[in-house]
Amino acid sequence: MDVLINVFVALHIIGIASLLGGFLTQMKAMGAGTARFTPAMLHGALTMLVTGVALVGLNQADDQAVNNVKIGIKLALLVVILALVYVKRDEAKVDKGAFIAVGALTTVNIFIATVWT
């Protein structure tokens, strides 16, 4: 079971790397006002959602303690990120506020995952 959990943790990290990497690659475009949500950002957020839900289930099945408050907050942040990216995915350019919100929420999500023990 530990190997399976570790595989899903790795996939979860790949998802967050895709989301944050997509954001960081658009930073220069954001300064010019032409930033857009890339498909990698949407796929990264979806990967995080699927692997995160799987990780909660696997950890509970393995009788490990799961902090439901922490998971609930992370899920709520991810749903907001997914909503922003999904709704504006086909736009040629995204307003600066929505773009910064996705980057900030992603960063907050990372800090919650790593700092909150």
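Reading guide: rules and limits
Residues numbered from 1 in each chain as written. Predicted model: local features only at pLDDT ≥ 70, side-chain atom pairs only at ≥ 80, totals over all residues. Heavy atoms only, no water. 1 Å grid on protein atoms, 1.4 Å probe; cavity = no way out; pocket = protein on both sides within 12 Å on 5 of 7 lines; lining within 4 Å. Points joined across faces, edges and corners; volume = space filled by probe spheres on them. Helix = DSSP H or I, 4+ residues; strand = E, 2+ residues; numbered from the N terminus. Core = buried A, V, L, I, M, F, W, Y, C linked by side-chain atoms within 4.5 Å. Buried < 20%, exposed > 50% of the residue type's maximum accessible area, 1.4 Å probe, protein only. Contact = heavy atoms within 4.5 Å.

Undergrad: Got a minute to help me understand the layout of surface pockets in this structure?
TA: The gaps left among the atoms become clear once a water-sized probe is rolled over them. Here the largest pocket defines a volume of roughly 720 Å³. Along the wall of the largest pocket there are 26 residues; nearest its centre are His12, Leu55, Ile71, Lys74 and Ala113. Elements with a contribution of two residues or more to the lining of the largest pocket: helix H1 (2–25), helix H3 (39–61), helix H4 (68–87) and helix H5 (96–115). Per-element accounting of the lining of the largest pocket gives the leading share, seven residues, to H3.

Undergrad: Would you explain the nonpolar core in this entry?
TA: Note on soluble globular proteins: their nonpolar side chains tend to be buried together. In this structure, Leu19, Phe37, Met41, Ile81, Val85, Phe99 and Val102 are the most contacted members of the largest nonpolar core, which totals 22 residues. Within the residue set of this core, elements represented by two or more residues are H1, helix H2 (27–32), H3, H4 and H5. Apart from the residues lying within four places of it in its own chain, the contact partners of Val85 are Phe37, Met41, Leu42 and Val102.

Shape descriptors only; they carry no functional weight alone.
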